[in-house]
Amino acid sequence: MSQSTTTIGGVIVSAVSAHLTRRLLQLYIGLTLYGVSSALLVRGGLGLEPWGVLHQGLAEKTGLTIGVVSIIVGAVVLLLWIPIRQRPGLGTVSNVFVIGVAMDGTLMVVPDAHGLAVQIPVMIVGIVLNGVATGLYIAARFGPGPRDGLMTGLHRVTGRSIRLVRTAIEVAVVATGFVLGGSVGIGTVAYALAIGPLAQVFLRVFAISGQGGGSAVVAGGTPEQAILRK
């Protein structure tokens, strides 16, 4: 009897360990791919995602790499969580560092694209890969990124819709980045239109069932899903 109990306990521990391992792999693969996708949008030269515009503009003015700027901005945004009482998770803190490092690493090895015949495919790959990355790291359920948490926190505190809060923040971010020298173009528009649907698709693809067997990711009403609603 005791042997059976021990065996069952071992199986449970093993299952929990495998579940956690998968979540951690998804988190860090997703964050790495997010950095790679952002770097591809830079190399495509047709416009960046909203926060990327700000990062590039600040990089132009400071002389820092865009990845380092991304890390600094992420840390500053994370500090803004304090007054709105948001709680960071492992994914939140990892988001700050991993994306910036992956972005700079990719920019070191991938050259600029020249000519629309190359730029457009690079832009498309960057946007789709960003959707894949978003689905991976959000579905891992280790907490939203600093910028996403700022949006959901302001939504909770102000009572304004996610759509309005997200739009207001991203318009301000793009405008500031553009003034500083960040790249705004067709890629920026394409990203804005495509990222919501892409992320929703890949959230479902990479959803991880909870201990009860049901998905804890695609159920309605979570902050992570609210982030993606346009």
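Residues numbered from 1 in each chain as written. Predicted model: local features only at pLDDT ≥ 70, side-chain atom pairs only at ≥ 80, totals over all residues. Heavy atoms only, no water.

K.L.:
What is the right way to look at the packing of helix α6 (residues 146-158) against helix α7 (residues 162-180) in this model?
P.N.:
A pair of packed helices can be characterised by two numbers: the angle between their axes and the separation between those axes. Two elements in contact, α6 and α7, have axes separated by 9 Å at closest approach and are oriented at 125 degrees. Looking at the two axes, α6 sits oblique to α7. Once α6 is placed against α7, the crossing between them reads as right-handed. For the pair α6 and α7, the contacting residues are Leu150, Met151, Thr152, Leu154, His155 and Thr158 in the first and Ile162, Val165, Arg166, Ile169 and Glu170 in the second. For the contact of α6 with α7, the residue count by class is 6 nonpolar, 3 polar and 2 charged. (Axes fitted to C-alpha atoms, helices over the stretch in contact; angles between N-to-C directions. Helix = DSSP H or I, 4+ residues; strand = E, 2+ residues; numbered from the N terminus. Parallel < 35°, antiparallel > 145°, perpendicular 65-115°, else oblique. Left-handed = near helix turned anticlockwise from the far one by under 90°. Contact = heavy atoms within 4.5 Å. Nonpolar A, V, L, I, M, F, W, Y, C, P; charged D, E, K, R; others polar.)

K.L.:
Sorry if this is basic, but what is going on with the environment of Val132 here?
P.N.:
Here Val132 shows up in helix α5 (residues 116-139). When its relative accessible area of 16% is taken as the criterion, Val132 is described as buried. Remark: the alpha-carbon pair of Val132 and Leu203, spanning 71 residues in sequence, is separated by 8.2 Å. (Buried < 20%, exposed > 50% of the residue type's maximum accessible area, 1.4 Å probe, protein only.)

K.L.:
Is there a simple way to explain α7 in this structure?
P.N.:
It helps to recall that an α-helix has 3.6 residues per turn; residues three or four apart then point in one direction. Between its first and last C-alpha, α7 extends 27 Å over 19 residues, near the 27 Å set by a 1.5 Å rise per residue. Turning to α7, its buried residues are Ile162, Val165, Arg166, Ile169, Glu170, Val173, Val174 and Gly177. Take α7 and look down its axis: the buried residues cluster within an arc of 150 degrees, on one side only. Among the exposed residues of α7, those oriented more than 90 degrees off its buried face are Arg163, Val171, Phe178 and Val179. A positive backbone phi angle near 115 degrees is found at Gly181, which sits one or two residues after α7. (Expected span 1.5 Å × (residues − 1). Arc of directions from axis to C-beta.)

K.L.:
I tried to follow the environment of Ser38 on my own but got confused; where do I start?
P.N.:
With respect to the helices and strands, the residue Ser38 is situated in helix α1 (residues 2-44). A relative accessible area of 2% means that Ser38 is categorised as buried. Once the C-alpha coordinates of Ser38 and Ile127 are considered, the two residues, 89 residues apart in sequence, prove to be 8.2 Å apart. Once residues lying within four places of it in the same chain are set aside, the contact partners of Ser38 are Glu49, Met103 and Asn130. For Ser38, the side chain forms a polar contact with the side chain of Glu49, separated by 3.0 Å. (Polar contact = N/O pair within 3.5 Å; in protein donor to acceptor, adjacent residues only side chain to side chain.)

K.L.:
So what exactly am I meant to see when it comes to unusual backbone geometry here?
P.N.:
One can expect most non-glycine residues to show negative phi and most peptide bonds to be in trans. Of note in the backbone geometry, Arg85 takes a positive phi value of approximately 60 degrees without being a glycine. Relative to the assigned elements, Arg85 resides in the loop between α3 (66-79) and α4 (90-109). Residue class for Arg85 comes out exposed when judged on its relative accessible area of 73%. Phi is positive for Arg141, close to 60 degrees, though the residue is something other than glycine. Within the fold, Arg141 resides in the loop between α5 and α6.

K.L.:
Looking at this model, I keep getting lost on the layout of surface pockets. Mind explaining?
P.N.:
Over the atoms, a rolling probe the size of a water molecule traces out where space has been left empty. Estimated volume of the second largest pocket: approximately 160 Å³. Among the elements of the structure, α1, α2 (50-62) and α4 are those that each provide at least two residues to the lining of the second largest pocket. Residue composition of the lining of the second largest pocket, grouped by class: 5 nonpolar, 2 polar and 3 charged. (1 Å grid on protein atoms, 1.4 Å probe; cavity = no way out; pocket = protein on both sides within 12 Å on 5 of 7 lines; lining within 4 Å. Points joined across faces, edges and corners; volume = space filled by probe spheres on them.)

K.L.:
Is there a simple way to explain a nonpolar patch on the surface in this structure?
P.N.:
Together, Leu64, Val68, Ile72 and Val76 make up a nonpolar patch on the protein surface, roughly 300 Å² of accessible area in all. Of the residues examined, Val76 reaches a relative accessible area of 45% and is grouped as partly exposed. (Patch = residues over 30% accessible without salt bridge, like charges linked within 9 Å, V, L, I, M, F, W, Y side chains within 5 Å. Areas by Shrake-Rupley, 256 points an atom, 1.4 Å probe, with all protein chains shown as cover. Salt bridge = Lys/Arg side-chain N within 4 Å of Asp/Glu carboxyl O.)

Function-wise, these values are silent; they only describe arrangement.
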